[in-house]
Amino acid sequence: MTKPQLLIDTDPGVDDALAILMAHEHADVLGLSIAAGNVGLAHTTRNARTLVDLVGAATPVFAGCPTPLVRLPEEDAAFVHGQDGLGDVGFPQPKAIISDEHAALAILRLTRERPGDITLVALAPLTNLALALRLDPSLPQRVKRLVVMGGAVTGRGNTSRVPAEFNVGFDPEAAHVVFEGFPDFDLVDWELTLRHAFDEDEFDQWLAAGDHRANFFGRVFRVARETNRERGRRGIIAADALAMAVAVDPSVVKHSEHRRVGVELDGRLTRGATVVDWAGRLGQQSQVNVVMELDQGKFAAMVQRALGAFQAA
């Protein structure tokens, strides 16, 4: 089977790291376009380069927007990912270089060079993608698929604003631009990732059985694991990895709902919330495939392969 061609917009980030390992195992990665989000842009670009070194690839890294489109962020996610975004392990200076081309321009160029071939995987706040879309509104016509990790479709978010999920809440204006600009895309939301968490003991077995990638991920994931336990989150939550599974193999989706989804921009308590028109009351055309259930076995096997721990039955 031909491997999918992926362009990944990301803000590494521990769970981004696992997703990027999966992408290099299961797909052809054309580039990493980098945004600020989990931590600042200087850290996320360095972390992307560290990951490119780890997998031994020649994947281009394109630095993008250092801030949201309109408002400065109220919070980042360093308390989950570590101050440097990779668990504060202290990796050496990476050798992979950063391209001179801005991430938004790289998105436009690559989709023009390969129209209809590229799956865009958005694992970060949607700032780079929104900027690309504003520069060229015809972008969706050239994209094979768009998979977004973001949102909380029934309002159970993971930010200080209760209904909001981090990626959408970090830059709601950018999310609004993308949600309104793309006529059809897949949404992997925060609540889905909680339903598809891995058993901790089983995941530790994968780490023990894996190769250098598993060793790397086990080290960077320690802070996130401790934080999740402190917050009462059960299991190994792998949000970006779940979105990557959907991008690499659409057959992993067992059930989705096609609905109109918007982003709240103005609410004092609800800014950044993803609002789903479940009952079709707005009379607007649905544009989002809200993923509701995945094949957990397929997802697990994809993660194990990315960690070098897969054992065929």
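Rules behind the numbers
Residues numbered from 1 in each chain as written. Predicted model: local features only at pLDDT ≥ 70, side-chain atom pairs only at ≥ 80, totals over all residues. Heavy atoms only, no water. Helix = DSSP H or I, 4+ residues; strand = E, 2+ residues; numbered from the N terminus. Rg over C-alpha atoms; globule rule 2.2 N^0.38 Å. Buried < 20%, exposed > 50% of the residue type's maximum accessible area, 1.4 Å probe, protein only. Contact = heavy atoms within 4.5 Å. Areas by Shrake-Rupley, 256 points an atom, 1.4 Å probe, with all protein chains shown as cover. Lys, Arg positive; Asp, Glu negative; His and termini not counted. Charge placed at Lys NZ, Arg CZ, Asp CG, Glu CD. Axes fitted to C-alpha atoms, helices over the stretch in contact; angles between N-to-C directions. Parallel < 35°, antiparallel > 145°, perpendicular 65-115°, else oblique. Left-handed = near helix turned anticlockwise from the far one by under 90°. Nonpolar A, V, L, I, M, F, W, Y, C, P; charged D, E, K, R; others polar. Polar contact = N/O pair within 3.5 Å; in protein donor to acceptor, adjacent residues only side chain to side chain. Pairing = 2+ DSSP bridges. 1 Å grid on protein atoms, 1.4 Å probe; cavity = no way out; pocket = protein on both sides within 12 Å on 5 of 7 lines; lining within 4 Å. Points joined across faces, edges and corners; volume = space filled by probe spheres on them.

Draft legend 1. Fine view of the overall build of the chain. For the chain, the count of helices and strands is 14 helices and 10 strands. Taking 2.2 N^0.38 as the reference for a compact globule, 313 residues should give roughly 20 Å; the C-alpha atoms of the chain span a radius of gyration of 18 Å, in line with that estimate. When each of the 313 residues of the chain is scored for burial, the buried share is 59%. Within the chain, counting contacts between residues at least 6 apart in sequence, those at least 24 apart form 81% of the total. Here the chain displays about 13000 Å² of accessible surface, and carbon together with sulfur accounts for 49% of that area. Looking at the chain, you have 31 positive and 41 negative side-chain charges, and the mean spots of the two groups are 1 Å apart.

Draft legend 2. Region of the structure containing the packing of helix α1 (residues 14–26) against helix α11 (residues 212–220). Relative to each other, α1 and α11 sit at 165°, their axes nearing to 10 Å. The angle between the axes of α1 and α11 places the two elements in the roughly antiparallel class. At the point where α1 passes α11, the crossing takes the left-handed sense. Note on element contacts: α11 touches α1 through Arg 213, Phe 216, Phe 217 and Val 220, opposite Val 14, Ala 17, Leu 18, Leu 21 and Glu 25. In terms of residue class, the contact of α1 with α11 is made up of 7 nonpolar, no polar and 2 charged.

Draft legend 3. Fine view of the side chain of Arg 225. Residue placement: Arg 225 occurs in helix α12 (residues 222–230). For Arg 225, a relative accessible area of 13% translates into the label buried. A distance of 2.7 Å separates a polar atom in the side chain of Arg 225 from a polar atom in the side chain of Glu 200. Filtering out sequence-adjacent residues up to four positions away, Arg 225 remains in contact with Glu 200, Asp 204, Leu 207 and Ile 236.

Draft legend 4. Structural view of the environment of Leu 307. Position of Leu 307 among the secondary structure elements: in the segment after α14 (296–306). What makes Leu 307 buried here is its relative accessible area of 0%. For Leu 307 and Phe 216, which are 91 residues apart along the polypeptide, the C-alpha to C-alpha distance reads 9.2 Å. Dropping the residues within four chain positions of it, Leu 307 is found in contact with Leu 18, Phe 203, Trp 206, Leu 207, Gly 210, Asp 211, Arg 213, Ala 214 and Phe 217.

Draft legend 5. Summary view of helix α8 (residues 172–181). Most of α8 sits out of view: 7 of its 10 residues are buried. Every buried residue belonging to α8 is among Pro 172, Glu 173, Ala 174, Ala 175, Val 177, Val 178 and Phe 179, and all of these are buried. Those residues of α8 hidden inside the fold are in contact with α5 (127–135), β6 (143–149), α7 (166–170), β7 (185–188), β8 (253–263) and β9 (274–277).

Draft legend 6. Main features of the environment of Arg 305. Counting through the fold element by element, Arg 305 comes out in helix α14. For Arg 305, a relative accessible area of 32% gives the class partly exposed. Separated by 116 residues in sequence, Arg 305 and Asp 189 have C-alpha atoms that sit 24 Å apart. In this structure, Arg 305 is in contact with Glu 25, His 26, Arg 213 and Phe 310, ignoring residues within four places of it in sequence.

Draft legend 7. Examining the pairing of β8 more closely. Looking at chain direction, β8 and strand β10 (residues 288–294) are connected through 6 bridges and run antiparallel. When the bridges of β10 are listed, Ser 256 appears paired with Val 291. One ladder, built from 4 bridges, connects β8 with β9; its direction is antiparallel. By the bridge assignment for β9, Arg 260 is matched with Asp 277.

Draft legend 8. Structural detail: the layout of surface pockets. Of the voids in this model, the largest pocket is the one considered here, and its volume is about 250 Å³. Listing elements by their share of the lining of the largest pocket, those giving two or more residues are β6 and α13 (239–248). For the lining of the largest pocket, the residue count by class is 5 nonpolar, 4 polar and 5 charged.

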